[in-house]
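Letter by letter, the chains look like this.
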Amino acid sequence: MSSSTNSQPSALMQPSKSPTESRSSVVKVETNESTYICKICQTVVILKNMTTEYLDEERDLPLPRQKKGIDHTQTEPIRGFFGVKDMFAFENVGFTRSSEGKRYLVCGECEQGPVGFVDPVTEMNYVSPERLDVLPDVAAAAVEAGK
């Protein structure tokens, strides 16, 4: 891992912007207020208050299920990602191999995803709340108490 502390989104994964728009305007210091779990297997992906920033930006992520007979990766726009610098902050996440210079985050248990992406420049790990479910408060308290 790089020792870089820059938490700005990379130009490779960034949508086009006008030259006058600041990249830092979309990154906010914010933590996740819920524990997030996989929509398929219900495995905890990240516990409450483990993220360090929120990227309020739209990115294209590959669809979890690709249609057969199509010669390109189908994507959908996803807006909003929680950022984590240390990959060990996750409870259960996997990382894909690089594809076209991009790496994605998947559920570490069932490999469903992608649920986020890795910024290749800053090495920040961004997870989408839209691709995960929220663990109900009662269950979250039990999970956190068991740690």
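That block above? That's the structure.
As a starting point, this report considers the structure included with it. Given the structure is predicted, the values throughout are model-derived calculations rather than measurements. (Residues numbered from 1 in each chain as written. Predicted model: local features only at pLDDT ≥ 70, side-chain atom pairs only at ≥ 80, totals over all residues. Heavy atoms only, no water.)

1. Side note on the overall build of the protein
Scanning the protein from terminus to terminus reveals one helix and 10 strands. Order of helices (α) and strands (β) in the protein, N terminus to C terminus: β-β-β-β-β-β-β-β-β-β-α. Taking all 147 residues of the protein together, 38% fall into the buried category. For the protein, the share of sequence-separated contacts (at least 6 apart) that also reach a separation of at least 24 residues comes to 56%. (Helix = DSSP H or I, 4+ residues; strand = E, 2+ residues; numbered from the N terminus. Buried < 20%, exposed > 50% of the residue type's maximum accessible area, 1.4 Å probe, protein only. Contact = heavy atoms within 4.5 Å.)

2. Considerations on the environment of Asn-125
You can see Asn-125 is positioned in strand β9 (residues 125-127). Excluding anything up to four places from it in sequence, Asn-125 contacts Phe-82, Gly-83, Val-84, Lys-85, Asp-86, Met-87, Phe-90, Phe-95, Leu-105, Phe-117 and Val-118. Here the side chain of Asn-125 touches Lys-85 through a polar contact of 3.5 Å, landing on its backbone oxygen. (Polar contact = N/O pair within 3.5 Å; in protein donor to acceptor, adjacent residues only side chain to side chain.)

3. Things to note about the pairing of strand β7 (residues 103-107)
Within β7, four of the five residues are buried, leaving the element largely enclosed by the surrounding structure. Pairing analysis gives three bridges linking strand β6 (residues 93-95) to β7, with the strands arranged antiparallel. Following the sheet pairing, Gly-94 is matched in β7 by Val-106. Pairing between β7 and strand β8 (residues 116-118): three bridges, direction antiparallel. Within β8, the position partnered with Tyr-104 by the bridge is Phe-117. (Pairing = 2+ DSSP bridges.)

4. A closer look at the state of the cysteines
Per the counting criterion, the structure on display carries zero disulfides. In this structure Cys-41 is not part of a disulfide, and its nearest cysteine sulfur, from Cys-107, lies 3.6 Å away. The class of Cys-41 is partly exposed, set by a relative accessible area of 28%. (Disulfide = S-S within 2.5 Å.)

5. Let's talk about the packing of aromatic side chains
One pass over the full model with this rule turns up four aromatic pairs. Seen in terms of ring centroids, Phe-81 and Phe-117 are 5.1 Å apart; in terms of plane orientation they differ by 80°. Their pairing is edge-to-face. Here Phe-81 is found in strand β5 (residues 75-84), whereas its partner Phe-117 is found in strand β8, with 36 residues between them in sequence. Following the ring pairs from residue to residue traces out a cluster consisting of Tyr-36, Tyr-54 and Phe-82. (Phe/Tyr/Trp six-rings, centres within 6.5 Å; stacked < 30°, edge-to-face > 60°.)

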